[in-house]
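A structural walkthrough
For reference, the chains in residue letters:
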Amino acid sequence: LGDGGDEPVDDVGVLIDELLACYDPMAEAGDPPVFPLEHVHTHALQAALAAEAAGAQRKFWQMHDLLFANQSHLEAHQLRSYAQRLELDMSRYDADMIDEVHLQRVRDHIESAERSGVRATPTFFINGVIRDVSFGLQSLADGIELALHR
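Per-chain numbering applies: the sequence of each chain, read as written, is numbered from 1 onward. In keeping with the model being predicted, local features are shown solely for residues with a pLDDT of at least 70 and side-chain atom pairs are shown and tallied solely at 80 or more, while totals for entire chains, interfaces and linings include all residues. Working from all heavy atoms in the structure, the side-chain values ignore hydrogens and water.

Focus on the overall build of the protein chain
Our working definition: Secondary structure follows DSSP: runs of H or I at least 4 residues long count as helices, runs of E at least 2 residues long count as strands, and numbering of each begins at the N terminus. Each residue gets one of three labels from its accessible area relative to the maximum for its type: buried under 20%, exposed over 50%, partly exposed in between, using a 1.4 Å probe on protein chains only. Pairs of residues are marked as contacts when any of their non-hydrogen atoms sit within 4.5 Å. With residues, only the protein chains shown are counted as cover, and all accessible areas are computed by Shrake-Rupley using a 1.4 Å probe.
Across its full length, the protein chain holds 7 helices and 2 strands. Listing each helix as α and each strand as β along the protein chain from the N terminus yields α-α-α-α-α-α-β-β-α. Relative to its full complement of 150 residues, the protein chain shows a buried share of 36%. Considering only intrachain contacts with a sequence separation of at least 6, the fraction spanning at least 24 residues in the protein chain is 57%. Surface exposure of the protein chain reaches about 9300 Å², of which carbon and sulfur atoms provide 51%.

Below you can see the structure in the form of structure tokens.
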């Protein structure tokens, strides 16, 4: 996975694409719950809301990739420019952001993640159990293999 070593992969979207290709080329990843680290990133909540707004228009992963690639550029006007780049319905995006339409969903994700023991992103679960990838992604691949062959 990734570069073949034990180094973490910076682009989770690429990792998920690789996993899907390895285990089920016909599968697609759904939109995962977001877990903004507000205590770490000033604009994390707004970025999470932008991702959810894009997801409501079936472009979660495209927005995810833009947000991840531009982690130092997550102010409101920058988030809006990413939405424009993705050709979102801007009236809907603006309304979603102004009205914080997805705020309760994001807060629910945060609460659920904290109850489940999530402390950082990305966090992966295999059959409901957290799989620690802090020392590399091979552990995730090993866990998937183990779960598939049980």
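A few points about the pattern of salt bridges
If charged atoms from side chains of opposite charge come close, those side chains can pair. The criterion, for reference: Salt bridges are identified by distance alone: a Lys or Arg side-chain nitrogen within 4 Å of an Asp or Glu carboxyl oxygen.
The tally for this structure, following the rule as stated, stands at 3 salt bridges. Taking the shortest distance from any N to any O, the salt bridge between glutamate 52 and arginine 105 comes out at 2.6 Å. Of the two residues, glutamate 52 is situated in helix H2 (residues 44–55) and arginine 105 in helix H6 (residues 103–115); the sequence distance between them amounts to 53 residues. For glutamate 52, a relative accessible area of 6% gives the class buried.

Quick look at helix H7 (residues 138–148)
Each α-helix turn comprises 3.6 residues. Residues three or four places apart therefore point the same way. Using the following cut-off: Directions from the helix axis toward the C-beta atoms define the arc.
Those residues of H7 lying buried are Leu140, Ala141, Gly143 and Ile144. Seen from one end, H7 has its buried residues packed into an arc of 160°, which puts them on one side.

Details of the packing of H2 against helix H5 (residues 90–98)
We apply this condition: Where helices are involved, their axes are fitted lines through C-alpha atoms of the stretch in contact, as for all axes, and angles between N-to-C directions lie from 0 to 180°. For this classification, under 35 degrees means roughly parallel, over 145 means roughly antiparallel, 65 to 115 means roughly perpendicular, and everything else is oblique. Note: crossing handedness is left-handed where the near helix turns anticlockwise from the far helix by less than a right angle, and right-handed where it turns clockwise.
Contact geometry for H2 and H5: axes closest at 10 Å, N-to-C directions at 140°. As summarised for this structure, H2 and H5 are arranged oblique, according to the angle between their axes. In the packing of H2 onto H5, the handedness of the crossing is right-handed. Contacts from Gln46, Leu49, Ala50 and Ala53 of H2 reach H5 at Tyr93, Asp96 and Met97.

Structural notes on the packing of H2 against helix H3 (residues 60–69)
For the record, the criterion: For this classification, the nonpolar set comprises Ala, Val, Leu, Ile, Met, Phe, Trp, Tyr, Cys and Pro, the charged set comprises Asp, Glu, Lys and Arg, and every other residue, Gly included, is treated as polar.
Orientation of H2 relative to H3, taken along the N-to-C sense of each, is 150°, at an axis distance of 7 Å. Judged by the inter-axis angle, H2 sits roughly antiparallel to H3. Here H2 runs over H3; the crossing is right-handed. Each of Ala47, Ala50, Ala51, Ala54 and Gly55 in H2 lies in contact with H3, whose residues at this interface are Phe60, Met63 and Leu67. A class-by-class count of the residues in the contact of H2 with H3 yields 7 nonpolar, 1 polar and no charged.

Brief notes about the confidence of the model for the protein chain
Interpretation of the predicted coordinates at a detailed level should be avoided for regions scoring low in pLDDT. What counts, and what does not: Every residue carries a pLDDT, the predictor's confidence in it, which falls somewhere between 0 and 100.
Per-residue confidence for the protein chain averages 82 on the pLDDT scale, and 81% of its residues sit at or above 70. For residues 1–9, every residue scores under 50 in pLDDT, and the model assigns this stretch 12 contacts once sequence neighbours within four places are set aside.

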